[in-house]
Amino acid sequence: MRAGVMDRVAYNERMTKYITANTVEEFRQHLADVHARIGAACAKAGRDPATVRLLPVSKTVSEARIRNAYAAGCHTLGENKVQEAQRKWQAMSDLPDLRWAIIGHLQTNKAKDVAEFASEFQALDSLRVATALDKHLQALGRSLDVLVQVNTSAEESKFGLPPEEVEAFVKLLPAFSSLRVRGLMTLALFSDDAAKVRPCFVRLHELRERLRQSAPDGITMDELSMGMSGDYELAIEEGSTIVRVGQAIFGARKTPDSAYWPDSHGPANA
Ligand SMILES: *Cc1c(COP(=O)(O)O)cnc(C)c1O
């Protein structure tokens, strides 16, 4: 087995400790736990907890449970897949101010749907997608907050631009007037070993600092979306401003990771 696979197995094993939340009270408790950990990580790093936003990730979670999470205070939800997000958006359009953030790779043929209902898109990594999104947003008279996804782990199985291509890419984004570019997003290596995970977060932070100098007018580089259930405290220590947390709130997920990002060596694809 490759080292990366063993890292991922250990990581997934650790996720199984997260208990499923169903009731509003259970969601309140899980959210309080995560906020307490965010607070502790901020204290350790000398940061103000108000500078870290918790984005609950509701992929695979049923409508009934999402309604309870909403009642417990989750008013913006992250979803990896457009179709799943769109279905949920339609089913829960009765909930005031419920917003949807698309955090997974987008194909151009889904750009129209994202333009229609999403409030943010965190996985921009091609001009084709930028072009398609901008066209549909303009037609609808909407705009969209976007983050550029960067592959900081150099794994082929992850989406996102290689770090060295980001600066040139960002320079082209002012042409897309409906996209409000806010910063960068990454997925770290899946591992229990902080020595392997931390460099991914450091890389994104350093890149953001460099881009702040060179970013064109109208492009702000304030946001760093990094950190998931297994590594958000580490990400906060390294400057994260948005943590995308699913399992620590909703409970361990049974769907294999390979359903959400390509995985050439995971057991689920075998
Ligand atoms: C699922 C997902 C997350 C959250 O992962 P958890 O392990 O549930 O915290 C974060 N980012 C992306 C892009 C995801 O698809």
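Refer to the structure above for everything that follows.
Computed from a predicted structure; not experimentally measured.

Colleague: Residues and numbers for the overall build of the chain, please.
Modeller: Helix and strand counts for the chain come out as 10 helices and 8 strands. For 270 residues, the compact-globule estimate of 2.2 N^0.38 gives 18 Å, and the chain sits close to it at 18 Å. When contacts within the chain are restricted to residue pairs at least 6 apart in sequence, long-range pairs at least 24 apart make up 60% of them.

Colleague: Would you mind going over the pairing of strand β4 (residues 120–124) in detail, with residue names and values included?
Modeller: Taken across its 5 residues, β4 has 5 buried, putting it largely inside the fold. With 2 bridges joining them, strand β3 (residues 99–102) and β4 adopt parallel strand pairing. The residue bridging I102 from the neighbouring strand is F121, located in β4. Running through helix α5 (residues 111–117), the crossover from β3 to the neighbouring parallel element β4 is right-handed. Pairing of β4 with strand β5 (residues 144–150) involves 3 bridges; the strand directions are parallel. Paired with F121 across the strands is V146, a residue of β5. Traced from β4 through helix α6 (residues 127–140) to β5, the parallel crossover comes out right-handed.

Colleague: How would you sum up helix α2 (residues 24–45)? Please name residues and give values.
Modeller: If you check α2, its first and last C-alpha atoms are 31 Å apart, about what 22 residues at 1.5 Å a residue would give, namely 32 Å. Of all the residues in α2, the buried ones are F27, H30, L31, I38 and A41. Buried positions in α2, seen along its axis, are confined to an arc of 100° and lie on one side of it. Seen from the buried face of α2, the exposed residues on the opposite side, beyond 90 degrees, are E25, A32, D33, A36, A43 and K44.

Colleague: Got a sec to walk through the site of the ligand? Specific residues and values, please.
Modeller: Close contacts around the ligand come from 13 residues, with N80, M228, S229, R244 and G246 the closest. Partitioning the shell around the ligand into residue classes produces 6 nonpolar, 5 polar and 2 charged.

Colleague: Any details on the nonpolar core? Residues and values, ideally.
Modeller: Among the nonpolar cores identified, the biggest contains 70 residues, and I102, V114, F121, L133 and V243 are the most heavily contacted of them. For F121, the residues in contact, after removing those within four places along its chain, are I102, L106, V114, L144 and V146.

Parameters at a glance
Residue positions within a chain follow its written sequence, with the count starting from 1. Whole-chain, interface and lining totals are the exception, using all residues; otherwise, since this is a predicted model, local features are given only for residues with pLDDT of at least 70 and side-chain atom pairs are given and counted only at 80 or more. Here a helix means four or more residues in a row that DSSP labels H or I, a strand means two or more in a row labelled E, and each is numbered from the N terminus. Put simply, the radius of gyration uses C-alpha atoms, and a globule should come to 2.2 Å times the residue count raised to 0.38. In this description, any two residues whose backbone-derived C-beta atoms lie within 7 Å of each other are considered to be in contact. Residues with at least 20 neighbouring C-beta atoms inside 10 Å of their own are called buried, those with 12 or fewer are called exposed, and the rest are partly exposed, where every C-beta is derived from the backbone. Here, strands pair whenever DSSP counts at least two bridges between them. When the strands point away from the viewer and the connection leading from the first strand across the helix to the second strand turns clockwise, the crossover is called right-handed. Here a helix's expected span is defined as the number of its residues, less one, multiplied by 1.5 Å. What the arc covers is the set of directions going from the helix axis to the C-beta atoms. As used in this record, a residue near a molecule or strand is one whose C-beta atom, placed from the backbone, is within 6 Å of it. Polarity classes work like this: nonpolar for Ala, Val, Leu, Ile, Met, Phe, Trp, Tyr, Cys and Pro, charged for Asp, Glu, Lys and Arg, and polar for all others, with Gly in that last group. For the purposes of this analysis, a nonpolar core is taken to be any set of buried Ala, Val, Leu, Ile, Met, Phe, Trp, Tyr and Cys residues that are connected through C-beta atoms within 7 Å.

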